[in-house]
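What follows is each chain in one-letter form.
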Amino acid sequence: MSEGSEWVRAVDSRSLKSGDMVDFDAPDGRQILIARIGDRIFATDRICTHAYADLSTGFMNEQEGTVTCPLHLSAFKLENGVPQNLPAKEPLRTYKVKIQDNSIYILL
Ligand code: FES
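Quick look at the structure, then. (Residues numbered from 1 in each chain as written. Predicted model: local features only at pLDDT ≥ 70, side-chain atom pairs only at ≥ 80, totals over all residues.)

1. Quick word on the overall build of the protein chain
Scanning the protein chain from N- to C-terminus turns up zero helices and ten strands. Beginning at the N terminus, the succession of helices and strands in the protein chain can be written as β-β-β-β-β-β-β-β-β-β. Whereas a compact globule of 108 residues would reach a radius of gyration of roughly 13 Å, the protein chain reaches 13 Å, a difference of no more than 12%. In the protein chain, 40% of the contacts between residues at least 6 apart in sequence involve partners at least 24 apart. (Helix = DSSP H or I, 4+ residues; strand = E, 2+ residues; numbered from the N terminus. Rg over C-alpha atoms; globule rule 2.2 N^0.38 Å. Contact = placed C-beta atoms within 7 Å.)

This is the structure in structure tokens:
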């Protein structure tokens, strides 16, 4: 854990069903995507690494564990942010997540 990291409450975990994605604006201005597949919850940066597109308006593939950018259709693995196809080449930053008292917390 890098110095200065802290757990930040994002959303109510009960509001996020499998296959759902939500956007979250962190207090420090970071734009985060939160996604759920089954019991697993993922948090990544929300803005595509290729150009400016908001991934929360893209498409999730639960089988593949990916989110696809709505602009040029690069798909990113939710667990590690790695792009699966061009044009994006840079991974999305990912964040640790925990659930506590029905809230999703993200380590920022
Ligand atoms: S903006 Fe996402 S692939 Fe181009």
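Now that the structure has been shown, the text picks up again.
2. Describing the sheet that holds strand S1 (residues 7-12)
Spatial strand order, S1-S10-S9: three strands in an open sheet with antiparallel pairing. A strand with exactly one partner marks an edge of an open sheet, and here the two such strands are S1 and strand S9 (97-100). Sheet twist, expressed as the mean angle between neighbouring strand axes with direction ignored, is 35°. Where S9 lies against strand S10 (residues 103-107), four bridges are found, and the strand directions are antiparallel. Within S10, the residue paired with isoleucine 99 across the bridge is isoleucine 104. (Pairing = 2+ DSSP bridges. Axes fitted to C-alpha atoms, helices over the stretch in contact; angles between N-to-C directions.)

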